[in-house]
Amino acid sequence: MEVLAYLIPISLFLGGVGLVAFVYTVRSNQYDDPEGDARRILNDEWDDKPKP
Amino acid sequence: MTAQLTSGTAACPGCIASPAEPARPIPEDVQIALSLPGIHCSACIATVERELNAHPGVEDARVNLTLKRAMIKAAPELRAADLISVLERVGYEAHELDPGALSATQSDKAGRDLLMRLAVAGFASMNVMLLSVSVWAGATDATRDMFHWISAAIALPAIGFAAQPFFSNAWSALRVRRLNMDVPIVLAILLALVTSLWETALSGKHAYFDAALTLTFFLLAGRYLDYRTRAAARSAAEELTALEVPRAIRLLDGAEEEVAVAMLNVGDLILVRPGGRMPVDGEIVSGQSELDRSLLTGETLPVFAEAGVTVSAGEVNLTGPLTIRATAVGEDTSLHRMADLVAVAESGRSRYTSLADKAAKLYAPGVHILSALSFLGWYIYSGDVRTALNIAAAVLIITCPCALGLAVPAVTTAASGRLFRKGMLIKHATALERLAEVDTVVFDKTGTLTSGTPELTNLGDHSRADLEIALALAEASSHPLSVALTQAAREAGIKPATLDDITEVPGFGTEGTYRGQRVRLGRAAWTGAEEGDQTAAWLSVEGQAPEAFLFSDSLRTGAAEAVQAFRDAGKEVILISGDTQGSVQALADKLGIQNWIAQALPQDKAKHVEALRDQGHHVLMVGDGLNDTAALAAAHVSISPASALDAARVASDIVLLGNDLSPISDACDTAVKATKRIRENFRIATVYNIIAVPLAVAGLATPLIAALAMSTSSITVSLNALRVR
């Protein structure tokens, strides 16, 4: 059962990472145009690197 | 229509940006917002952005496909009109939007707030569920207690943040001594937390931290869906408003200045150019023209206007510039008196109780009584407060309206999404439920069943020589009848005759000389003809009797299909118009509508709708004009096209975005289907309660059973809702 001492903090940390990542996406307006973003991925321009 | 409205705004982009920034020491970049109704794919995004970014002065252009909008950061001297012409050259329709009217949707604080709470509840419930699964799998003693304590440490702050909307809603309901759906929710969450903490402190077996969190998560998901649907409708409705930037040209000591309509005073002299709309009630001081009153009265025949004639706000000036003296502004105009009629009629709508409210009314007291009774019963039976409280909490958690909270929003979201793709905007939360009950459909004529643009009907009756003269005269004018005549004649392959001295006489028509003879095209009296009751332009050639070019209002696309579909579905279709007997009858015959009323005043329309309502009919009103607003508000549910006046759109529940009328009957089908799904969802939720509640009351429910039942019912309900699509 000693393994719990590692596992529980790890699981809490990973959950926290997920939450922080989500908060970041909301703050940076990544849900403003879901339809457009879905189409932009198929765009021929700027395929190798993001738009400057 | 839209082009006509935007032409006024495009003239002065600087004026639109300036009120927000009164003093600009350094010229900053300005924001330009364009509405792009035609974009739909990744190629469209790429083309529009490439074209805009290539234009000199544009700093950055970004297309939002979801909102069908482009936001452009540009140098201050850049005009929106330039960008619109750039886009039109590559084949995209574009309209300027008023960035001020749009600002509300850009910083969508409430939606972001809900999304954040949803995320916190989701991540916390995942973690707690992980720990709970270990407890269910057989963790005992100190391990179980530790898991429970960790769960508590996650759940308490997470619920404190995520469930705030429920707390505040429940509190505001309780403060006025009412019960709403949020009261049992809050009670369940709080009771679950309190008993679980108590149990944990006494190293008990059952803790409901996971249930409290999943409950919050599912309910927030329902709230968020509900919010998203309404926010999408609101932003599109705002966009329609942003298209009309209300401005007028005031004459001050002979100089023209553009001012906001709200700034006009009684006695001001206002210049209304051809194609412009009267901003206020007033009297014509100078100028001659024709007025299109169809939005106010439904009459299609243009009315002659000269000095001394009174005009009302909302009428459209057709041919010559008019100077009017304002006699009533703002709230005193006839436009606003119509709005007052709407306010009176509005009570009809608020009488409707939504299915969700009906369910809540039955549900909230029932749950409280049940849980209180099980507490009392177990307390008397066992004499142990802890057991009794545990069971009462289990009853509240199990009956908690997880599925009920999702039942309505999940279906409305799916149905509204489907209708939005077909070009309909659901503005009101209960509009779909009300649309499903409709058994009588009342149509307005001008601008609703007809497109409001005239169409020449008797081209074949005229000789080629006459047509050539008429075409030459018509091409010199931008009057709607002339435009229609030009179009019809050009399509028939007619070449214009060569005329000399063509002049347009505002309010009368066009005249010229053809081989030394004076020729005129215009109003009956001016050309020496008798006035008929049909829309007509007369051609007179000196020495010959005048000839009539007759026009009828062209049918809107999909109007015939919509009327036919309603009649096939067994609904009664009625046509009520303010137009003359003849033209209403002609249209009714064309569409096969037996029941029609002509020359109806605005009050008559509303009264007729109310009479139908009192007979027990559920009326769907479809109309666009000011004369329809009272009827739109009085009807059970109402639809207006996007070309309608602002007041009519505000009064209606659903706005038709495209020009096609045929989606209306589809919308009724979708609404019926959606309501059926909502009822099904309620039934699913009830069935699950019938199975789970006896277990809870008997004290057999464990946190595992609660979690299973809650998740399955919520997921079943959401999946069932998706069947609407």
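Residues numbered from 1 in each chain as written. Chains lettered and ligands numbered in written order. Predicted model: local features only at pLDDT ≥ 70, side-chain atom pairs only at ≥ 80, totals over all residues. Heavy atoms only, no water.

**Q** Which parts of the structure should I look at to understand the overall build of chain B?
**A** Across its full length, chain B holds 28 helices and 26 strands. Across the 725 residues that make up chain B, the buried fraction comes to 51%. Counting only contacts in chain B whose residues sit at least 6 apart along the sequence, the fraction spanning at least 24 positions is 69%. For chain B, the computed accessible surface area is about 30,900 Å², with 57% contributed by carbon and sulfur atoms. (Helix = DSSP H or I, 4+ residues; strand = E, 2+ residues; numbered from the N terminus. Buried < 20%, exposed > 50% of the residue type's maximum accessible area, 1.4 Å probe, protein only. Contact = heavy atoms within 4.5 Å. Areas by Shrake-Rupley, 256 points an atom, 1.4 Å probe, with all protein chains shown as cover.)

**Q** Quick question: what am I supposed to make of the interface of chain A and chain B here?
**A** It is common to give the size of an interface as the accessible area that goes away when the parts come together. Across the boundary between the two partners, chain A contributes 27 residues, which contact 30 residues of chain B. Between R62(B) and D37(A) there is a salt bridge, and its shortest N-O distance comes to 3.8 Å. At the surface where chain A touches chain B, the tally comes to 2 residue pairs in polar contact (both at pLDDT 80 or more). It is helix α1 (residues 4–27) of chain A that provides the largest number of residues to the side of chain A that touches chain B, a total of 11 residues. (Salt bridge = Lys/Arg side-chain N within 4 Å of Asp/Glu carboxyl O. Polar contact = N/O pair within 3.5 Å; in protein donor to acceptor, adjacent residues only side chain to side chain.)

**Q** Quick question: what am I supposed to make of the packing of helix α8 (residues 164–175) of chain B against helix α9 (residues 182–201) of chain B here?
**A** How two helices sit against one another is set out by the angle between their axes and by the gap between those axes. All names here are of chain B. The geometry of α8 relative to α9 is characterised by a closest axis approach of 8 Å and an angle of 125° between their N-to-C directions. The orientation of α8 with respect to α9, classified from their angle, is oblique. The way α8 lies across α9 gives a crossing that is left-handed. Two secondary-structure elements touch here, α8 through F166, F167, N169, A170 and L174 and α9 through D182, V183, I185, V186 and L190. The class makeup of the residues in the contact of α8 with α9 is 8 nonpolar, 1 polar and 1 charged. (Axes fitted to C-alpha atoms, helices over the stretch in contact; angles between N-to-C directions. Parallel < 35°, antiparallel > 145°, perpendicular 65-115°, else oblique. Left-handed = near helix turned anticlockwise from the far one by under 90°. Nonpolar A, V, L, I, M, F, W, Y, C, P; charged D, E, K, R; others polar.)

**Q** I'm lost on the environment of E315(B) in this one. Help?
**A** Residue and element names in this part refer to chain B. With respect to the element layout, E315 can be found in the loop between β11 (310–311) and β12 (316–317). Look at E315 and you get buried, because its relative accessible area is 3%. It is 38 Å that separates the C-alpha atoms of E315 and V58, two residues lying 257 residues apart in sequence.

**Q** What's the story with helix α28 (residues 703–722) of chain B in this structure? I'm lost.
**A** Given 3.6 residues per helical turn, the α-helix brings residues three or four places apart onto the same face. With 20 residues, α28(B) extends 29 Å between its outermost C-alpha atoms, agreeing within 8% with the 28 Å of an ideal straight helix rising 1.5 Å per residue. Along α28(B), the positions that sit buried rather than exposed are P703(B), A706(B), A707(B), A709(B), M710(B), S713(B), S714(B), V717(B), N720(B) and A721(B). (Expected span 1.5 Å × (residues − 1).)

**Q** I keep staring at unusual backbone geometry and nothing clicks. Help me out?
**A** Across the chain, the bulk of peptide bonds are trans and the bulk of non-glycine residues have phi less than zero. All names here are of chain B. Backbone geometry at R515 places phi at a positive 50°, although glycine is not the residue there. Residue placement: R515 occurs in the loop between β18 (509–514) and β19 (517–522). With a phi angle near 50°, Q599 is a residue other than glycine that sits in the positive phi range. On the secondary structure map, Q599 appears in the loop between β23 (595–597) and α24 (602–614).

**Q** Sorry if this is basic, but what is going on with the environment of V266(B) here?
**A** Residue and element names in this part refer to chain B. With respect to the element layout, V266 can be found in the loop between β6 (255–260) and β7 (269–272). You can call V266 exposed: its relative accessible area is 55%. For V266 and V329, which are 63 residues apart along the polypeptide, the C-alpha to C-alpha distance reads 6.2 Å. Look past the residues within four positions of V266 in its chain and what remains in contact with it is A326, T327, A328 and V329.

**Q** Whenever I open this one, the pattern of salt bridges confuses me. Can you help?
**A** Should the charged atoms of two oppositely charged side chains come close, the side chains can pair. All names here are of chain B. Scanning the model with the defined rule gives 15 salt bridges over all chains in all. One salt bridge connects E199 with R386, and the closest N-O pair in it is separated by 2.5 Å. Here the residue E199 occupies a position in helix α9, and R386 occupies one in helix α15 (residues 385–399), the gap between them amounting to 187 residues. Relative accessible area serves as the criterion here: at 6%, E199 is assigned to the buried category.

**Q** When you look at a nonpolar patch on the surface in this model, what are you seeing that I'm missing?
**A** Taken together, the side chains of V3(A), Y6(A), L7(A), I10(A), F13(A), L14(A) and V17(A) define a hydrophobic patch exposed on the protein surface, amounting to about 740 Å² of accessible area. Relative to the elements of secondary structure, F13(A) occurs in helix α1. (Patch = residues over 30% accessible without salt bridge, like charges linked within 9 Å, V, L, I, M, F, W, Y side chains within 5 Å.)

**Q** Can you walk me through the environment of A212(B) in this structure?
**A** Residues and elements named next belong to chain B. If you trace the backbone, A212 turns up in helix α10 (residues 209–243). Along the primary structure A212 and V186 are separated by 26 residues, whereas in three dimensions their C-alpha atoms are 9.8 Å apart. Contact partners of A212, with chain neighbours within four places excluded, come to I159, A192 and L193.

**Q** What is the right way to read the sheet that holds strand β25 (residues 637–641) of chain B from this model?
**A** Residues and elements named next belong to chain B. One open sheet accounts for 7 strands, arranged β14-β26-β25-β24-β15-β22-β23; its pairing is mixed. Single-partner strands in this sheet number two, and they are β14 (424–426) and β23. Between one strand axis and the next, the sheet turns through 20° on average, direction left out of account. Contacts from α24 reach β15 (440–443), β22 (572–576), β23 and β24 (619–622) within the one sheet, and its direction differs from that of β24 by about 160°. (Pairing = 2+ DSSP bridges.)

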